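Structural overview for review
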Amino acid sequence: SERRLLAINNYFYRRGGAESVFLDQIDLFAAAGWDVVPFAMEHPDNLPSPWSDYFVSEIEYGRINGPITKARQAAKIIFSLEARRKIRALIARAEGVPVVMTAHDLKLACPAYKMLSHGEVCERCRGGRIHNLLLRRCVKDSAVVSGLVFLETLVHRSFGLYRDTLDCLIAPSRFYRDKLVEWGWDASRIAYIPNFVDAEQFTPWCNEGNYFVYAGRLAPEKGLGTLIRAAALAHQRLVLVGAGPEEAALRQLAFELDADIVFAGHMAKPELKQLIGESRALVLASEWYENAPISVLEAYALGRPVIGTRIGGIPELIVHNKTGVLVAPGNVGMLAEALASMAKLPRTARNRLGAAGRDWVLREFSPEKYRDRTMALYETVVIFLGLRGIPEIQGGVETHVAALAVRIAQRGWRVEVLGRKPYLPSPEPYVWKDVTVTPVWAPRSKNVEALLHTTLGLFAAARRNPDLV
């Protein structure tokens with residue numbers, strides 16, 4: 001049957017790294033023959049889609065709206081009846097649709113998404129102590145917005161909207177996987193699947209400039225104050241690409257330090273590729289639990305090394321002194337030394353670091369690797385041995401086990417029954433209630449039938465390399 005994927009995300013345009021992964025995954029699975037249906041919020045920047053009529057009304061609580069609009073949006077944040085109605089219309093009456101969620105942030109553990117409070121890493125809500133969200137006003141430093149997120153978290157956890165409905169979680173970094181397990185999530189329900197970039201779409205540049213680059217949101221958790229101070233101390237030129245709430249403060253800091261900082265604003269993808277491709281290195285000075293930044297992989301694809309901090313998932317993507325340099329987060333002196341040392345290297349040495357990163361991307365972070373890992377998760381295989389006569393099942397035990405096989409298949413697993421050939425209605429494989437039934441030879445002998453069928457069935461199962469027999 002046709003393979004269908006309902007892809008859900010807040011936004012349907014390239015707003016940030018999570019959206020880039022989301023849209024690239026849609027393209028990847030569509031190219032592999034899947035029927036992919038997007039589901040997101042309405043937004044003027046959304047890409048065109050034949051499914052846009054199903055998109056839900058936009059919620060952007062930070063915008064200036066009247067009290068009635070804000071109240072309506074607040075209710076939708078906690079639980080959206082519109083989203084439930086439209087997603088039900090999309091999946092019609094399908095039952096047992098497996099739900100796989102990618103953890104692009106730490107929302108499933110931290111109500112404020114980032115485990116960050118007032119500029120510092122925070123894990124105070126661990127163990128269900130989500131009242132700390134209110135006490136510290138962790139969201140936008142607002143008692144109102146933090147209270148709203150508190151109510152949202154309380155409702156979602158009380159009804160088990162994530163814990164009781166998700167079949168599997170995908171963590172793009174081992175750090176996020178381990179952190180969610182620390183906070184009580186079942187490790188068996190979390191699969192580590194790293195992000196990907198198509199390195200073939202990135203060409204290393206021949207020229208090199210005399211600057212370092214940061215590309216991303218200008219936000220407090222990105223450690224840009226530390227980066228500007230380090231660049232000033234090391235007397236290095238730094239180009240900041242992006243916009244965000246810290247821009248005015250960062251411009252003032254750069255002015256006060258007389259630092260050689262260029263605020264480039266938003267850049268289109270081709271121009272950004274050239275800027276990074278001709279830089280000495282990409283720099284990530286993050287001071288929060290970053291997940292698995294796509295920008296690191298893209299810099300490698302362009303043949304550039306990366307300087308990053310030892311926090312979150314960043315150390316998983318940088319091999320110290322092989323593809324880049326790792327430094328402690330928030331340490332101006334260490335970051336300044338890393339910038340100066342990278343600048344002093346011969347250009348050929350920087351190229352070697354970048355080339356090693358590009359080779360790593362081609363081997364481990366390719367679209368093909370991502371597709372195969374994800375499809376393996378979607379198509380986990382279970383094999384049942386020994387059942388007779390499906391669908392003409394005989395015996396209470398076999399009826400129960402066959403019903404179990406169907407239920408597992410309806411949860412999204414690929415289930416195959418290796419049945420006894422004399423009892424099956426067809427000598428060829430066939431599908432019965434989402435279960436593939438494959439005949440295996442067995443004699444009609446009460447004494448040796450079970451033994452022979454089990455032995456032959458085990459050999460047949462082993463050749464299929466299933467996840468469970």
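Quick summary incoming for the structure in this document.

The rules behind each value
- Residues numbered from 1 in each chain as written.
- Predicted model: local features only at pLDDT ≥ 70, side-chain atom pairs only at ≥ 80, totals over all residues.
- Heavy atoms only, no water.
- Salt bridge = Lys/Arg side-chain N within 4 Å of Asp/Glu carboxyl O.
- Helix = DSSP H or I, 4+ residues; strand = E, 2+ residues; numbered from the N terminus.
- Buried < 20%, exposed > 50% of the residue type's maximum accessible area, 1.4 Å probe, protein only.
- Pairing = 2+ DSSP bridges.
- Axes fitted to C-alpha atoms, helices over the stretch in contact; angles between N-to-C directions.
- Parallel < 35°, antiparallel > 145°, perpendicular 65-115°, else oblique.
- Left-handed = near helix turned anticlockwise from the far one by under 90°.
- Contact = heavy atoms within 4.5 Å.
- Nonpolar A, V, L, I, M, F, W, Y, C, P; charged D, E, K, R; others polar.

1. A short note on the pattern of salt bridges
Should their charged atoms come close, side chains of opposite charge can pair. Per the counting criterion, the structure on display carries 19 salt bridges. Across the pair lysine 86 and glutamate 82 runs a salt bridge, and its minimum N-O distance is 3.4 Å. Of the two residues, lysine 86 and glutamate 82 are both situated in helix 3 (residues 81-91); the distance of 4 residues between them amounts to about one turn of the helix. On the accessibility criterion, lysine 86 (13% relative accessible area) is buried.

2. As for the sheet that holds strand 7 (residues 190-192)
Spatially, 3 strands are ordered 3-6-7 in an open sheet, and the strand pairing comes out parallel. Each having just a single partner strand, strand 3 (100-102) and strand 7 make up the two edges of the open sheet. Each strand axis lies, on average, 25 degrees off the axis of its neighbour in the sheet, ignoring direction. When strand 3 meets strand 6 (residues 168-171), the two strands line up parallel, connected through 3 bridges.

3. A few points about the packing of helix 10 (residues 294-301) against helix 12 (residues 347-364)
Helix 12 packs onto helix 10 with a crossing angle of 115 degrees between their chain directions and a minimal axis gap of 7 Å. By the angle between their axes, helix 10 is roughly perpendicular relative to helix 12. Helix 12 is crossed by helix 10, and the crossing has left-handed handedness. Contacts between helix 10 and helix 12 involve Leu297, Tyr300 and Ala301 on the former and, on the latter, Gly354, Gly357, Arg358, Trp360 and Val361. Here the contact of helix 10 with helix 12 is built from residues that sort into 5 nonpolar, 2 polar and 1 charged.

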